[in-house]
Amino acid sequence: MFRAAVLLSSLLVLSTHQSLAPFAATPDDVVDRMLALADVTSRDLVVDLGSGDGRIPIRAAQKYGARGLGVDIDPRLVDQSKANARRAGVEKLVEFRVEDAMTTDVSRATVVTLHLLASSNAKLRPILTRQLPPGARIVSHAFSMGPDWPADRIDTFISASGDQVTLYLWKIGK
Ligand SMILES: C[S@@+](CC[C@H](N)C(=O)[O-])C[C@H]1O[C@@H](n2cnc3c(N)ncnc32)[C@H](O)[C@@H]1O
């Protein structure tokens, strides 16, 4: 009965928000490359929009001592992220919330990470450009922001699993 109620409430949350992408975890070596591309330090607040199992903010906290926020519309993934953060010993540095990324306040973020779809990046783009402070960086795994906002840097490489990966970096101007 309790499990059915949890399942029902999860389905309700999922169905009332538009899905920006299905869950697919970024491999660990690619996460490290995203954080290096963004030049993450302990002074950063890393916000992952659509945070899945939480691995990007968790790694940023573990490796660089950065603070992190992850939001996802799937409550099970958010629960898993909180457990993963505890296991990694970084629960004081990172926060995870069930939230629609389209409504997340990113005005205090210094790094935003994305692993969504091209169409989702296009929807988020006006929010990011309106809210992010000067100097903030955006890193996207696999998808650009469209031809009229070329990336400041593109990193293409072969991942540990043998896949060709492309990462895009944009810096918000002063
Ligand atoms: C491709 S996964 C990326 C997970 C993680 N960022 C990573 O790179 O390992 C996309 C995630 O976005 C979440 N998502 C989809 N639509 C969303 C929305 N509107 N708001 C917040 N999260 C969303 C999905 O539940 C999924 O976990």
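What this report covers is the structure whose coordinates are included nearby. (Residues numbered from 1 in each chain as written. Predicted model: local features only at pLDDT ≥ 70, side-chain atom pairs only at ≥ 80, totals over all residues. Heavy atoms only, no water.)

### Quick word on the nonpolar core
Counting residues in hydrophobic clusters, the biggest one holds 23 residues, and the most contacted among them are Leu49, Val112, Leu114, Leu128, Leu132 and Ile138. For this core, the secondary-structure elements that each account for two or more residues are strand 1 (45-49), strand 2 (67-72), strand 4 (111-114), helix 5 (118-131) and strand 7 (164-171). With residues near it in sequence (within four places) discarded, Val112 still touches Val47, Leu49, Val106, Leu128, Leu132, Arg137, Ile138 and Val139. Of all hydrophobic cores here, the second largest spans 17 residues; its members include Val30, Val46, Ile56 and Leu167. (Core = buried A, V, L, I, M, F, W, Y, C linked by side-chain atoms within 4.5 Å. Buried < 20%, exposed > 50% of the residue type's maximum accessible area, 1.4 Å probe, protein only. Helix = DSSP H or I, 4+ residues; strand = E, 2+ residues; numbered from the N terminus. Contact = heavy atoms within 4.5 Å.)

### Remarks on the site of the ligand
Near the ligand, the surroundings consist of 24 residues, among which Leu20, Thr26, Asp48, Gly50 and Asp72 are the closest. Side-chain polar atom of Asp48 to a nitrogen atom of the ligand: 2.8 Å apart, as the coordinates give it. At 3.3 Å, a side-chain N or O of His115 approaches an oxygen atom of the ligand. In isolation the ligand offers 600 Å² of accessible surface; the protein chains occlude 97% of this area. (Near = heavy atom within 4 Å. Polar contact = N/O pair within 3.5 Å; in protein donor to acceptor, adjacent residues only side chain to side chain. Areas by Shrake-Rupley, 256 points an atom, 1.4 Å probe, with all protein chains shown as cover.)

### Focus: the pattern of salt bridges
Enumeration according to the criterion identifies nine salt bridges in this entry. Taking the shortest distance from any N to any O, the salt bridge between Glu95 and Arg97 comes out at 3.0 Å. The partly exposed category is assigned to Arg97, whose relative accessible area is 27%. Two residues, Arg125 and Asp148, come together in a salt bridge whose shortest N-O distance is 3.0 Å. Linking Arg125 in helix 5 with Asp148 in the loop between strand 5 (137-141) and strand 6 (153-158), this pair joins segments that are 23 residues apart in sequence. Among the ionic contacts, a cluster of salt bridges with common partners joins Asp28, Asp53 and Arg55. (Salt bridge = Lys/Arg side-chain N within 4 Å of Asp/Glu carboxyl O.)

### Comments concerning the packing of helix 2 (residues 28-37) against helix 3 (residues 55-64)
At a minimum axis separation of 10 Å, helix 2 and helix 3 run at an interaxial angle of 65°. Put simply, helix 2 runs roughly perpendicular to helix 3. In the packing of helix 2 onto helix 3, the handedness of the crossing is right-handed. Contact residues: Asp28, Val31, Asp32, Met34, Leu35 and Ala36 in helix 2; Arg55, Ile56, Arg59, Ala60, Lys63 and Tyr64 in helix 3. Split by residue class, the contact of helix 2 with helix 3 holds seven nonpolar, no polar and five charged. (Axes fitted to C-alpha atoms, helices over the stretch in contact; angles between N-to-C directions. Parallel < 35°, antiparallel > 145°, perpendicular 65-115°, else oblique. Left-handed = near helix turned anticlockwise from the far one by under 90°. Nonpolar A, V, L, I, M, F, W, Y, C, P; charged D, E, K, R; others polar.)

### Quick notes on the sheet that holds strand 6
Ordered in space as 3-2-1-4-5-7-6, the seven strands form an open sheet in which the pairing is mixed. Only two strands of the sheet have a single partner each, and these edge strands are strand 3 (94-98) and strand 6. Ignoring strand direction, the axes of neighbouring strands in this sheet form an average angle of 15°. Of the strand pairs in this sheet, strand 4 and strand 5 are connected by four bridges, and their pairing is parallel. The residue of strand 5 that forms the bridge with Val112 is Ile138. Helix-sheet contacts for helix 2 involve strand 4, strand 5, strand 6 and strand 7, and the interaxial angle to strand 7 is about 25°. (Pairing = 2+ DSSP bridges.)

Note that all results are geometric; they support no functional claim without further evidence.
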